[in-house]
Amino acid sequence: MRRIVITFFSLFVLTTAFAQEQNFKEFYQSNKDRAEVSLNIPSFFANMFISDEDTDEFGVFLKKSKNYKIMVFNNNMSSVQKDFQKFARKNKLKTLVRVKDGKERVTVYFRESKDRIKEIIVNVHDNTDELVLLGIKTNLTMDELSAMVEASTKNKSIASN
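Small disclaimer: the values here were computed from a predicted structure and weren't measured.

S.K.: Would you mind going over the nonpolar core with me for this structure?
M.R.: Burial of nonpolar side chains together is a common tendency in soluble globular proteins. Counting 16 residues, the largest nonpolar core has F24, F84 and L133 as the members making the most contacts within it. When residues of this core are traced back to their parent elements, those giving at least two are helix 2 (24–31), strand 2 (65–73), helix 5 (77–90) and strand 6 (131–140). When residues in this core are grouped by element, the largest group, five residues, is from helix 5. Among the nonpolar cores identified, the runner-up in size contains twelve residues, and I41, I136, L145 and M148 belong to it.

S.K.: Would you take a moment to explain the sheet that holds strand 1 (residues 37–42) for this structure?
M.R.: Two pairing modes exist for strands in a sheet, parallel and antiparallel, and in both the strands are linked by backbone hydrogen bonds. As summarised here, the arrangement of the six strands in space is 1-2-6-5-4-3, forming an open sheet in which the pairing is antiparallel. In this open sheet, the two edge strands, each paired with only one partner strand, are strand 1 and strand 3 (94–101). For this sheet, the mean angle separating the axes of adjacent strands, direction not counted, is 10°. As paired strands, strand 5 (residues 116–126) and strand 6 are joined by eight bridges and run antiparallel to one another. In the strand pairing of strand 6, I121 is matched with G135. Strands in contact with helix 2 are strand 1, strand 2, strand 5 and strand 6; relative to strand 2, the strand with the most contacts, it is inclined by about 35°. Packed on one face of the sheet, helix 5 meets strand 2, strand 4 (104–113), strand 5 and strand 6 and runs near 155° to strand 5.

S.K.: Help me out: how do you make sense of the confidence of the model for the protein chain in this one?
M.R.: Overall, the predicted model of the protein chain reaches an average pLDDT of 75, with 71% of residues at or above 70. With pLDDT under 50 throughout, residues 1–21 is counted as low confidence; its partners more than four residues away or in other chains account for four contacts. Taken as a whole, residues 157–161 scores under 50 in pLDDT and shows zero contacts with residues more than four places along the chain or in a different chain.

Rules behind the numbers
Residues numbered from 1 in each chain as written. Predicted model: local features only at pLDDT ≥ 70, side-chain atom pairs only at ≥ 80, totals over all residues. Heavy atoms only, no water. Core = buried A, V, L, I, M, F, W, Y, C linked by side-chain atoms within 4.5 Å. Buried < 20%, exposed > 50% of the residue type's maximum accessible area, 1.4 Å probe, protein only. Helix = DSSP H or I, 4+ residues; strand = E, 2+ residues; numbered from the N terminus. Pairing = 2+ DSSP bridges. Axes fitted to C-alpha atoms, helices over the stretch in contact; angles between N-to-C directions. Contact = heavy atoms within 4.5 Å. pLDDT = per-residue confidence, 0-100.

Now the structure itself:
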């Protein structure tokens, strides 16, 4: 009897440990049929469409990005948004930035593992009928991300003067 209890307890611990290590790929796989558009794009292909000006600012990011997953939802946006919020809480995604502009909201999340940013997920939605999710698999350090944001901010302030 004791062995059975220990076995079930061990299985429970193992399954909960694996369940907590989900990444955006699992969310993408389970929700892509609900999306109006779902694209899984390798980074080498997507990076061909980025201008040379942006390559200077985001060079490290582009080199360390492996895959882009894009999902666009229209008619079932609110239920998917609720599912995504559960996914974000369950997987302890950290919020990098939140921006509100009228009814539109943009939230950038990231998943960190061993001092490396393994995933960046961008959630763009308005309160009416559209949700866009962009998942980017990457391998950045926080310093590299900070440098990229700083370079982007400097270039935008120089351009506006």
